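The primary structure of each chain is shown beneath.
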Amino acid sequence: MRTAPAAITVAPMMLDDLAQVLVIDRLSFPQPWSEQSYRFELQENRHSHFIVAVAAAARSAPRRWWDRLAGRRPAARLVVGYAGLWLVVDEAHINTLAVHPEWRGQGIGEQLLLALLAYARAHHALTATLEVRVGNQAAQHLYHKYGFEEVGRRPRYYRDGEDALLMTVRF
């Protein structure tokens, strides 16, 4: 577990990020998305906007030199979280948000949420909606902090039978 917050930047998700995103997805959700689903969102769905949280890489110059000498291509960036939304007409639907378990508790999820909301507002969304597991109190707390209100419940929404809360915020 990290003890001090790292410098995090938020950037558009790229195809090169998928291997890391898939690991975070598997560690975060009982039913993770497939690689095909992410590829569709990034390449074909004009309504989608996906972002990643990238930690500042602390690789020394000698280490980078050794990697090049050894013929290794180090990962371009360290993805520690990701999020996505669909923007349809004037509504943003946040469909996923996750942070790697080793990086949780540092405000990265909050940064991702704020970046999605800023994107939605900049693209003239009037509302943002999402579903969250009834048992995910940490996520519910974050969403309430930014004005999301519970507007419904989706019984047995998740494949494992857990209900989802439908939450909405108006801009």
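Residues numbered from 1 in each chain as written. Predicted model: local features only at pLDDT ≥ 70, side-chain atom pairs only at ≥ 80, totals over all residues. Heavy atoms only, no water.

Colleague: Account for the pattern of salt bridges, with residues named and values stated.
Modeller: Counted by the stated rule, this structure contains seven salt bridges. Residue aspartate 17 is joined to arginine 77 by a salt bridge in which the shortest nitrogen-to-oxygen separation is 2.5 Å. Taken together, the residues aspartate 17 in the loop between strand S1 (8-12) and helix H1 (18-28) and arginine 77 in the loop between helix H3 (61-69) and strand S3 (78-88) connect sequence positions 60 residues apart. One salt-bridge network, in which partners are shared between bridges, spans Arg133, Asp160 and Glu162. (Salt bridge = Lys/Arg side-chain N within 4 Å of Asp/Glu carboxyl O. Helix = DSSP H or I, 4+ residues; strand = E, 2+ residues; numbered from the N terminus.)

Colleague: Could you give an account of unusual backbone geometry, naming the residues involved and the relevant values?
Modeller: Although it is not a glycine, histidine 124 adopts a positive phi angle of roughly 70°. Tracing the backbone through its elements, the reader meets histidine 124 in the loop between helix H4 (108-122) and strand S5 (127-133). Take histidine 124: its relative accessible area is 63%, and that puts it in the exposed class. In this structure, arginine 156 takes a positive phi of about 50° despite not being glycine. Secondary-structure assignment places arginine 156 in the loop between strand S6 (149-154) and strand S7 (164-170). Here arginine 156 falls in the exposed class, since its relative accessible area comes to 62%. (Buried < 20%, exposed > 50% of the residue type's maximum accessible area, 1.4 Å probe, protein only.)

Colleague: Tell me about the sheet that holds S3, and please be specific about residues and values.
Modeller: Pairing in this open sheet of seven strands is mixed, and the strands run S1-S2-S3-S4-S5-S7-S6 from one edge to the other. This sheet does not close on itself; its edge strands, each paired only once, are S1 and S6. Ignoring which end each strand starts from, the neighbouring axes of this sheet average 25° apart. Relative to strand S2 (residues 48-55), helix H2 (residues 35-43) is tilted by about 110°, and along the sheet it contacts S2, S3 and strand S4 (91-99). Here helix H5 (residues 137-145) sits on the sheet in contact with S4, S5 and S7, set at roughly 160° to S5. (Pairing = 2+ DSSP bridges. Axes fitted to C-alpha atoms, helices over the stretch in contact; angles between N-to-C directions. Contact = heavy atoms within 4.5 Å.)

Colleague: So what about the nonpolar core? Which residues, and what values?
Modeller: Counting 30 residues, the largest nonpolar core has Ile94, Ile108, Leu112, Leu113, Tyr143 and Phe148 as its most contacted members. At the level of secondary structure, the elements contributing two or more residues to this core comprise S2, S3, S4, H4, S5, H5 and S7. When residues of this core are assigned to their parent elements, the largest contribution, six residues, is made by H4. Setting aside chain neighbours within four positions, we find leucine 113 in contact with Ile94, Leu97, Leu142, Tyr143, Tyr146 and Phe148. (Core = buried A, V, L, I, M, F, W, Y, C linked by side-chain atoms within 4.5 Å.)

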